[in-house]
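Survey of secondary and tertiary structure
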Amino acid sequence: RIYNKSNYFGGSIMSDGYTLFTYRYLDIPSTYVDQGYEAEIGFIRHPKEILTESQVPKYASSTSSFVFGKINTIINLRLGYGQAREITDKTDYGSVRFTYVYFGGLSLALLKPVYIEVDQTPNERTISLVTTRFDSDEHSTGNIYGGASFFRGFGELSVRPGIYFKGGVNVDFASSIQTAHMIELGVRGDYFFTDIPIFEDIAENQALFFGFYLSYYYGLKWN
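Residues numbered from 1 in each chain as written. Predicted model: local features only at pLDDT ≥ 70, side-chain atom pairs only at ≥ 80, totals over all residues. Heavy atoms only, no water.

Comments concerning the sheet that holds strand β10 (residues 144-147)
The strand order across the open sheet built from three strands is β9-β8-β10, with neighbouring strands paired in antiparallel fashion. The sheet is open, and its two borders are formed by β9 (129-133) and β10, each paired with just one other strand. Averaged over all pairs of adjacent strands, the angle between their axes in this sheet comes to 30 degrees, without regard to strand direction. Of the pairings in the sheet, the one linking strand β8 (residues 115-119) to β10 comprises three bridges and is antiparallel in character. The residue of β10 that forms the bridge with isoleucine 116 is glycine 147. (Pairing = 2+ DSSP bridges. Helix = DSSP H or I, 4+ residues; strand = E, 2+ residues; numbered from the N terminus. Axes fitted to C-alpha atoms, helices over the stretch in contact; angles between N-to-C directions.)

Points about the sheet that holds strand β3 (residues 33-44)
Taken in spatial order, the eight strands of this closed barrel run β1-β2-β3-β6-β7-β11-β12-β13, and their pairing is antiparallel. Shown here is a sheet whose adjacent strand axes are inclined to one another by a mean of 25 degrees, direction ignored. Pairing of strand β6 (residues 72-88) with strand β7 (residues 97-113), which is carried by 16 bridges, proceeds in the antiparallel orientation. Along β7, the bridge assignment pairs leucine 79 with leucine 106.

Some details on the environment of phenylalanine 199
Structurally, the position occupied by phenylalanine 199 is in the loop between β12 (179-196) and β13 (206-222). The buried category is assigned to phenylalanine 199, whose relative accessible area is 7%. In the structure, phenylalanine 199 is positioned 132 residues away from valine 67 in sequence and 9.3 Å away in space, judged by C-alpha atoms. Filtering out sequence-adjacent residues up to four positions away, phenylalanine 199 remains in contact with His46, Lys48, Glu49, Val67, Phe68, Gly69, Lys70, Ile71, Glu204 and Asn205. (Buried < 20%, exposed > 50% of the residue type's maximum accessible area, 1.4 Å probe, protein only. Contact = heavy atoms within 4.5 Å.)

Notes on the side chain of histidine 46
Within the secondary structure, histidine 46 is located in the loop between β3 and β4 (51-52). Side-chain polar atoms of histidine 46 contact the backbone nitrogen of lysine 48, separated by 2.9 Å. At 2.4 Å, the side chain of histidine 46 and the backbone oxygen of glutamate 204 are in polar contact. Dropping the residues within four chain positions of it, histidine 46 is found in contact with Ile198, Phe199, Glu204, Asn205 and Gln206. (Polar contact = N/O pair within 3.5 Å; in protein donor to acceptor, adjacent residues only side chain to side chain.)

Next up, the structure:
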């Protein structure tokens, strides 16, 4: 190898969410192995999260959809260690490099409370909104106007720890040996030590989130 270190930046779409930002730092100690660390920030979605809108005619102008019964948004932070092992290397500047990768480590679920806007007036012509958290005893699609601002609730974050693992196949199709343009396809699992309360109904919640991911990375290599 000409270079023995690399930085990669990217993002992912997942079958149960998405990753906004991924950073990987890898050492290249041998011809066939890259190893190092990664950090990610993204969102995990429950498979039953379905956006809906108010069912009452006087709310027809509402453009703020919501997930009925959802009480927390899950912001996911991952810090892990792993390796990329070469399957085939580039034979010339127009070829591609295939590796299989695996990473694992700490997964933190940051629970951000979800707020909704509720109409508390029985009048069919006027709307008086109150911002509050979902309560199944008081709220329905008949009095929920829509979701409140996404930024509401950041001052009330709580943390649930867990672990994660992911593995997949990485294809580097960059034309230069100093840069990298990579697509990675694989499977990923996050397991938290307690059920993650996404919905008010505890029967809907779970501790394990498992699915596929597709990532793109851009990177640079140096000595």
